[in-house]
There are 2 protein chains.
Amino acid sequence: MADFFPPPVLPLAIRFDPHTALAEPSGPVVTRRISDLEGLFADAAAWERLRADGDPVIYSVASSPVPELARELPQSVTTIHPGDCGGEFFMTKGHQHPDPQGEIYLGLAGKGGLLLFNGERPDWIDMSPGMIGYIPPGWAHRSVNVGSEPYRFLAVYPGSAGHDYQWVVEHGMGHRIWRSAAGFELKSFGGSS
Amino acid sequence: MADFFPPPVLPLAIRFDPHTALAEPSGPVVTRRISDLEGLFADAAAWERLRADGDPVIYSVASSPVPELARELPQSVTTIHPGDCGGEFFMTKGHQHPDPQGEIYLGLAGKGGLLLFNGERPDWIDMSPGMIGYIPPGWAHRSVNVGSEPYRFLAVYPGSAGHDYQWVVEHGMGHRIWRSAAGFELKSFGGSS
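Note that this is a predicted model, so its numbers are computed, not measured.

Cut-offs used in this document
- Residues numbered from 1 in each chain as written.
- Chains lettered and ligands numbered in written order.
- Predicted model: local features only at pLDDT ≥ 70, side-chain atom pairs only at ≥ 80, totals over all residues.
- Heavy atoms only, no water.
- Least-squares fit on C-alpha atoms with pLDDT ≥ 70 in both.
- Contact = heavy atoms within 4.5 Å.
- Pairing = 2+ DSSP bridges.
- Helix = DSSP H or I, 4+ residues; strand = E, 2+ residues; numbered from the N terminus.
- Polar contact = N/O pair within 3.5 Å; in protein donor to acceptor, adjacent residues only side chain to side chain.
- pLDDT = per-residue confidence, 0-100.
- Salt bridge = Lys/Arg side-chain N within 4 Å of Asp/Glu carboxyl O.
- Buried < 20%, exposed > 50% of the residue type's maximum accessible area, 1.4 Å probe, protein only.
- Buried area = accessible area lost by both parts, 1.4 Å probe.
- Nonpolar A, V, L, I, M, F, W, Y, C, P; charged D, E, K, R; others polar.
- Axes fitted to C-alpha atoms, helices over the stretch in contact; angles between N-to-C directions.

### A short note on the relation of the copies chain B and chain A
Okay, so step 1: In screw terms, the move from chain B to chain A is a rotation of 180° and a rise of 0.0 Å along the axis, fitting with an RMSD of 0.0 Å. When the rotation and shift are considered jointly, the pair of chain copies conforms to a two-fold rotation axis.
Okay, so step 2: The overlap is high: 100% of the interface residues of chain B also sit at the interface in chain A, so the same surface is used on both sides.

What follows is the structure, encoded as structure tokens:
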């Protein structure tokens, strides 16, 4: 299996093809199925039906070999497949950085969005190819595919920022993103997570 | 004049058009003329002729409004114009990060290269649209336009890394990039800087 390069990391040319999910050279790849997103969608019955019906892959995260270590600046490409769970669009688990540091997402393909929440206030950025979403330090973030094709973005983040998924389980993300006649709509989080 | 946003920075959608040099919304823009690159090209007489003949702009750096502060992850777009100074391709001043941290360059347009030097060993990465050059902590870096069109790239770097231009004046970059029959060639730095 591909892995991160051990330090010291040497200068490196990395290609992220917007038409494929992999970096070249490639590092670790994480695949998240619907079963990995337990408790995150509002409709638990719809989640259970999807889990029982083949447990589909919701998204994958393909990293470059640059390691998640202090002073390094790793990158990854996330691909979220199109679809919904009881009307709520497929999305990432979402996380907060335990060591608060900024991150950027750069749209590569498809139509998505970046949902942000600082514990008090939610925010939303429409993402498309060429658009950068800036995630300031202290804002939890989740990506959502609101289109009918795979939504793909490049992430660049400080190697020491870390990932806290439990924060989102406990605090939510302020909003949920639902399929609607107009395409999608944001609704307040509610209590049904 | 556009400036960096004061902290706390809020979530932000930023567009970098590969066909223009500006971010939208835009932060500070730095313009470097040949007179700003004194002592960096090997051929001092050719440099003086260019300076006297209109002092052309060699490159510009257009930042987003994300500030160069600890914990933020600012970005900029650099455009290097095509041309050479006595056969040595137009290039950036080059710098080292006083606080050693990684940085990425993402090719947007044109044909360029990323010259790196850690004080002992030089390295070179061919850059084209879609290619990421990874600059590990501790490596000085300079960009070079080796084509006949503007070479443009997006930089993403930790806000606390800083810029030390004097390091390159004192240590050089290991190699110089010269126009050649095949396009370009790298030659050892030599003593004529």
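Structure shown, so let's carry the discussion forward.
### Topic: the sheet that holds strand β4 (residues 57-63) of chain A
Okay, so step 1: With antiparallel pairing, the 8 strands of this open sheet are ordered in space as β3(A)-β4(A)-β5(A)-β13(A)-β8(A)-β11(A)-β1(B)-β2(B). Across the chains shown, the open sheet's two edge strands, defined by having one partner strand only, are β3 (29-33) of chain A together with β2 (23-24) of chain B.
Okay, so step 2: When strand β8 (residues 103-109) of chain A meets strand β11 (residues 131-135) of chain A, the two strands line up antiparallel, connected through 4 bridges. Note on β11(A): the bridge partner recorded for A:E103 is A:I135.

### Considerations on helix α1 (residues 44-52) of chain B
Okay, so step 1: At the N-terminal end of α1(B), a side-chain oxygen is found 3.2 Å from the backbone nitrogen of B:A45, two or three residues along, and the residue is B:D43.
Okay, so step 2: Backbone geometry just after α1(B) places B:G54 at a positive phi near 100°.

### A short note on the confidence of the model for chain A
Okay, so step 1: Across chain A, the average pLDDT comes to 95, with 97% of residues at or above 70.
Okay, so step 2: Taken over the whole predicted complex, pTM reads 0.96, whereas the ipTM for its chain interfaces reads 0.95.

### What to know about the pattern of salt bridges
All names here are of chain B.
Okay, so step 1: Overall, the coordinates contain 10 salt bridges over all chains when judged by the stated rule.
Okay, so step 2: A salt bridge links E88 to R176; its shortest N-O distance comes to 2.6 Å. With E88 in strand β7 (residues 88-89) and R176 in strand β14 (residues 175-180), this pair connects stretches of sequence that are 88 residues apart. Each member of the pair, E88 as well as R176, carries the same accessibility label: buried.

### Quick notes on the interface of chain B and chain A
Okay, so step 1: With 38 residues of chain B at the interface, the matching set in chain A holds 38 residues.
Okay, so step 2: Together chain B and chain A conceal approximately 3000 Å² of surface at their shared face, both sides included; 62% is due to carbon and sulfur atoms.
Okay, so step 3: Three residues stand out in chain B for area buried against chain A, namely B:P11, B:R71 and B:Y134, and they jointly supply 24% of the buried area on that side.
Okay, so step 4: One can count 2 salt bridges joining chain B with chain A.
Okay, so step 5: Taking the shortest distance from any N to any O, the salt bridge between A:D99 and B:R71 comes out at 2.5 Å.
Okay, so step 6: In this assembly, chain B and chain A are joined by 16 residue pairs in polar contact (both at pLDDT 80 or more).
Okay, so step 7: Elements that contribute at least two residues to the side of chain B that touches chain A include exactly β1 (12-16), β8 (103-109), β10 (122-127), β11 (131-135) and β13 (151-156) of chain B.
Okay, so step 8: With 5 residues, β1(B) is the single largest residue contributor to the side of chain B that touches chain A.
Okay, so step 9: When the residues that make up the side of chain B that touches chain A are grouped by side-chain class, the tally is 25 nonpolar, 6 polar and 7 charged.

### Some words on the sheet that holds strand β9 (residues 112-117) of chain A
Residues and elements named next belong to chain A.
Okay, so step 1: Spatially, 3 strands are ordered β10-β9-β12 in an open sheet, and the strand pairing comes out antiparallel. With one partner strand each, in any of the chains shown, β10 (122-127) and β12 (140-145) form the two edges of the open sheet. The mean inter-strand angle of the sheet, taken between neighbouring strand axes irrespective of direction, is 20°.
Okay, so step 2: Bridging between β9 and β12 involves 6 bridges; their strand directions are antiparallel. Residue L115 lies in a different strand from β12, and its bridge partner there is R142.

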